[in-house]
Protein chains: 2
Amino acid sequence: MAGPGRPRAFDTESALDAAVEVFWRRGFVGASLSELAAAMGVNKPSVYAAFGDKAELFQAALRRYVERNMGYVADALAQPTARECAEAFLVGNARAVTMPGRPAGCLSVQAVVTPGDSNEFAALAENRSVIQGLFADRFRRAITEGDLPAGENADELAGFLITLTSGFAIRAADGTPQESLLAMAHRAMAAFPAVPAADS
Amino acid sequence: MAGPGRPRAFDTESALDAAVEVFWRRGFVGASLSELAAAMGVNKPSVYAAFGDKAELFQAALRRYVERNMGYVADALAQPTARECAEAFLVGNARAVTMPGRPAGCLSVQAVVTPGDSNEFAALAENRSVIQGLFADRFRRAITEGDLPAGENADELAGFLITLTSGFAIRAADGTPQESLLAMAHRAMAAFPAVPAADS
DNA sequence: ATGGTTATGTACCGGGCGTTAAAAAATTGC
DNA sequence: GCAATTTTTTAACGCCCGGTACATAACCAT
């Protein structure tokens, strides 16, 4: 299976996990290649050989972050009702942005917030946009299923949730404790439409 | 009034306004002194002479931003009822973070989001914390005045608003239009406690 | 005019950044 | 053992960063 040549002396996946942690804590600009390579336990040229330049490494780190740290999104989407879906998303996010021993906040928010580094900014903005689209689709389905009032705007509802979770990420980085975020998550559900009365 | 020596050839206030714009658009790390000085229409040594180093310039820019672009906070606090206060804050923020011709978002959120540059991060976090404290005080007063239910938690309520406006700043930078933010502001008011029935 | 004082423009500093060239080391196939 | 191939290591590159020395220009007081 292994081709010719000297075998790689480190595990790319755990190295990528280390890169995720650094980008998460420092942001894209704030993370230097020296710090990244050191955290990955590797010399800089090995980083370039395995992942490409800093921008490519960041894209790989973002993909890995999404699949390893944003599982609560898929969990929420799988909930049977729109209300449970929304609440699971908010609660799951509140927990994810305040995991003990991990950086506070969300890589997808903290890493880049200004359009200065345009490629990375675009990638993160699109990531958030995709997630918003998933919830919008879920809520559209809920409307046809009678699970949400017919007059509801699924896109606006999804945008409302993304706005809240973006805010959670900022507040978590400010040191807001998990229980405060959870209280806000439950309070926000008061702004979520009630299930329409069954007409059968 | 003017002391001895060569008079300053530029207006420090409008130069500071230009610095605000650059920090706002690029963030603290992303804004270079060359770009700052160019936007201010001045050479780098003049920046240092007038404002000190980059960190001091940023503090001055933040102060100026607060007094010139966050007037909606004071306006909101002056509203007669807690509900109007909260709604004015959300609406004012939604408008402020989507002003045409100005950078999207809020300097106090966009400039620094990671604790990497610790001094600036602390300054912004404290700025947000002070504002939260102002609203918490306002809501405490509202509780004693019977304007909010006695069981309400003024701090949590204020935190909820700050979380929303932090989210607004992120979403605005993502390109979310003003009317979407305004819709969310009004939706969020459904999560704000209703005025208790008068007991007189 | 002259001296004192402050701002301006130019040119530069050390340092850290992202990135890479080049040689040594470790593997596979023959 | 010997090429071929790939990774590792060391060292360096050019660049731009924040910050500054220095000579000059423009003002006030006398």
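Please refer to the structure placed before this passage.
The rules we used
Residues numbered from 1 in each chain as written. Chains lettered and ligands numbered in written order. Predicted model: local features only at pLDDT ≥ 70, side-chain atom pairs only at ≥ 80, totals over all residues. Heavy atoms only, no water. Helix = DSSP H or I, 4+ residues; strand = E, 2+ residues; numbered from the N terminus. Buried < 20%, exposed > 50% of the residue type's maximum accessible area, 1.4 Å probe, protein only. Contact = heavy atoms within 4.5 Å. Areas by Shrake-Rupley, 256 points an atom, 1.4 Å probe, with all protein chains shown as cover. Lys, Arg positive; Asp, Glu negative; His and termini not counted. Charge placed at Lys NZ, Arg CZ, Asp CG, Glu CD. Salt bridge = Lys/Arg side-chain N within 4 Å of Asp/Glu carboxyl O. Near = heavy atom within 4 Å. Polar contact = N/O pair within 3.5 Å; in protein donor to acceptor, adjacent residues only side chain to side chain. Nonpolar A, V, L, I, M, F, W, Y, C, P; charged D, E, K, R; others polar.

Now, about the overall build of chain A: what can you tell me, with residues and values included?
Helices and strands together make up the secondary structure of chain A, namely 10 helices and zero strands. Along chain A, from the amino end to the carboxyl end, the secondary structure elements read α-α-α-α-α-α-α-α-α-α. Going through the 200 residues of chain A one by one, you find that 50% of them count as buried. When contacts within chain A are restricted to residue pairs at least 6 apart in sequence, those whose partners lie at least 24 apart make up 68%. Here chain A has roughly 9000 Å² of accessible surface; of this, 52% comes from carbon and sulfur atoms. Between the centroid of the 18 positive side chains of chain A and the centroid of its 23 negative side chains there is a distance of 7 Å.

Mind laying out the pattern of salt bridges, listing which residues take part and the relevant values?
Applying the stated rule across the entire model yields 22 salt bridges over all chains. Arg187(B) is paired through a salt bridge with Glu156(A); the nearest N and O atoms lie 2.9 Å apart. Of this pair, Arg187(B) sits in helix α10 (residues 178-188) while Glu156(A) sits in helix α9 (residues 154-173), on two different chains. For the pair shown, Arg187(B) and Glu156(A) are each scored as buried. Arg140(B) is paired through a salt bridge with Asp137(B); the nearest N and O atoms lie 3.0 Å apart. Of this pair, Arg140(B) and Asp137(B) both sit in helix α8 (residues 118-144), separated by three residues, roughly a single helical turn. A relative accessible area of 36% means that Arg140(B) is categorised as partly exposed. Each member of the salt-bridge network shares a partner with another, and the members are Glu13(A), Asp17(A), Arg64(A) and Arg68(A).

Outline the protein's contact with DNA strand D, listing residues and values.
Looking at DNA strand D, there are 24 residues lining it, with Ala9(A), Asn43(A), Leu33(B), Lys44(B) and Tyr48(B) nearest. Among the atoms of DNA strand D close to the protein, meaning within 4 Å, 69% are from sugar or phosphate groups. In this structure, a base oxygen belonging to DNA strand D sits 3.4 Å away from a main-chain N or O atom of Gly5(A). When contributions to the surface near DNA strand D are tallied by element, the ones reaching two or more residues are α3 (44-51) of chain A together with α2 (33-40) and α3 (44-51) of chain B. Among the elements that take part in the surface near DNA strand D, α3(B) stands out by supplying three residues, more than any other. When its residues are assigned to classes, the surface near DNA strand D shows 11 nonpolar, seven polar and six charged.

Explain the environment of Phe58(B) to me, using residue names and the numbers behind them.
Residues and elements named next belong to chain B. Along the chain, the position of Phe58 falls in helix α4 (residues 54-69). A C-alpha to C-alpha distance of 7.9 Å links Phe58 and Glu120, two positions 62 residues apart in sequence. Apart from the residues lying within four places of it in its own chain, the contact partners of Phe58 are Phe23, Phe28, Leu107, Ala111, Glu120 and Leu124.

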